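For reference, the chains in residue letters:
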Amino acid sequence: MTLTIAVDGPAASGKGTIGRALAARFGLGYLDTGLLYRAVGRRMLDGEDPVAAARALRAADLEAEGLRGPEAAEAASKVAAIPEVRAALVDFQRAFATREGGAVLDGRDIGTVICPDAPVKLFVTAAAETRAARRFRELAAGGHATSFDEVLADIRARDARDAGRTDAPMCAAGDAVRIDTTELDVAAAVTRAVAEVEARHPGCGAG
Ligand code: DC
C-alpha cells in the first residue's frame, strides 16, 4: 500500500520542517502545497486572473522569485479562498499523493479534502506568538524590513482567513494527530512526528 502522510496546520507551525523530515526519513516524495497557492497569488499580483492562473499553473511557476515572502503569502491566502482556484489544483495534488513510493503533502486541507483516506494525518500547531517569532527571525535573517507586531498581525489575519473560508477551511481532520510545537525544538518535533507515523503505519520504520 502506498503511504501518504497528510501534514496540515497554520503558518510557521513547523509543518513544512516536519513534512520534509518525514519524507527524508521514510523515503517519500514531498509536496509543499502552499507553494501552489503562492504561485497563483504571485501571478495575481502580476495582474493575471487567479482562476486562469491556477488552471494554467506550470512547474516553472513554482520556482518564481519571492514566493516565500510575505507578499506572496498574503496573496496566496486570498486566492486560496476562491473555490475555482482550489478546484484547479486538486488533481495535481491527488496525483502526487498517490505517486509510487509514497508521499508527504503539507498544507491546510490535505487530511480533510485532498487525501481524506491518508493513513497518517498530522495537524501541527503552535501559539500565534511563537509562530510570529519564528517567522520574524526568518524574515529578519533574509533582510526583510518588518517588526514582530506586524508579523504577528499578518499571521493572525492569515489564520482567520484560512480557517474562516467556506471552501476547504483549515481544520484538523477528525482522525488527525495534533502536534503542538510551541514548546518543542525542531529535533523534538520531528521525533514526535516520526513516532506517530511508525505507530500508525507499522513496518515503515525500518530504514
Ligand atoms: O503553507 P503556506 O504558508 O505556504 O500557504 C500559503 C497560503 O496558501 C495559506 O495562507 C493558505 C493557502 N493554502 C491553502 O489554502 N491550502 C493548502 N493546502 C496550502 C496553502
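Before any of the text, the structure's been laid out above.
Residues numbered from 1 in each chain as written. Predicted model: local features only at pLDDT ≥ 70, side-chain atom pairs only at ≥ 80, totals over all residues. Heavy atoms only, no water.

> Help me get a handle on the environment of Val 177, residues and values and all.
Inspection of the secondary structure puts Val 177 in strand E5 (residues 177–180). In the structure, Val 177 is positioned ten residues away from Ala 187 in sequence and 18 Å away in space, judged by C-alpha atoms. Residues within four places of Val 177 in sequence aside, it is in contact with Lys 121, Leu 122, Phe 123, Arg 192, Glu 196 and Arg 200. (Helix = DSSP H or I, 4+ residues; strand = E, 2+ residues; numbered from the N terminus. Contact = heavy atoms within 4.5 Å.)

> Pulling in residues and values, what's your account of the site of the ligand?
Around the ligand, the surrounding shell holds 15 residues, and the nearest of these are Arg 38, Arg 86, Arg 108, Arg 158 and Asp 162. At a separation of 2.9 Å, a nitrogen atom of the ligand approaches a polar side-chain atom of Asp 109. Arg 158 has a polar side-chain atom sitting 2.8 Å from an oxygen atom of the ligand. For the ligand, whose unbound accessible area comes to 440 Å², protein coverage reaches 97%. Comparing atom positions with the cavity grids shows the ligand to sit within the largest pocket. (Near = heavy atom within 4 Å. Polar contact = N/O pair within 3.5 Å; in protein donor to acceptor, adjacent residues only side chain to side chain. Areas by Shrake-Rupley, 256 points an atom, 1.4 Å probe, with all protein chains shown as cover. 1 Å grid on protein atoms, 1.4 Å probe; cavity = no way out; pocket = protein on both sides within 12 Å on 5 of 7 lines; lining within 4 Å. Sits in = over half its atoms within 2 Å of the grid points.)

> Hey, could you go over the nonpolar core for me, with residue numbers and the actual values?
Ranked by internal contacts, the top residues of the largest apolar core, which has 19 residues, are Ile 5, Val 7, Ile 18, Leu 22, Val 104 and Leu 122. Those elements that place two or more of their residues in this core are strand E1 (4–8), helix H1 (15–26), strand E4 (120–125), E5 and helix H9 (186–200). The element best represented in this core is H9, accounting for five residues. Apart from residues lying up to four places away in sequence, Leu 122 is in contact with Ala 6, Val 7, Asp 8, Ile 18, Leu 22, Ala 176, Val 177, Ile 179, Ala 193 and Glu 196. Judged by nonpolar contacts, the second largest core, of 15 residues, contains Ala 39, Ala 53, Ala 54 and Leu 89. (Core = buried A, V, L, I, M, F, W, Y, C linked by side-chain atoms within 4.5 Å. Buried < 20%, exposed > 50% of the residue type's maximum accessible area, 1.4 Å probe, protein only.)

> Tell me about the sheet that holds E5, and name the residues and values.
Strand pairing in a sheet relies on backbone hydrogen bonds. The paired strands run either parallel or antiparallel. Strand order in the open sheet made by the five strands is E2-E3-E1-E4-E5, with parallel pairing throughout. The two strands at the open ends of the sheet, each matched to only one other strand, are strand E2 (29–32) and E5. Neighbour-to-neighbour, the strand axes of this sheet turn through a mean angle of 20°, independent of strand direction. Sheet topology places E1 next to strand E3 (residues 103–107); five bridges connect them, and they run parallel. Residue pairing in the sheet places Ala 6 in a bridge with Leu 105 of E3. (Pairing = 2+ DSSP bridges. Axes fitted to C-alpha atoms, helices over the stretch in contact; angles between N-to-C directions.)

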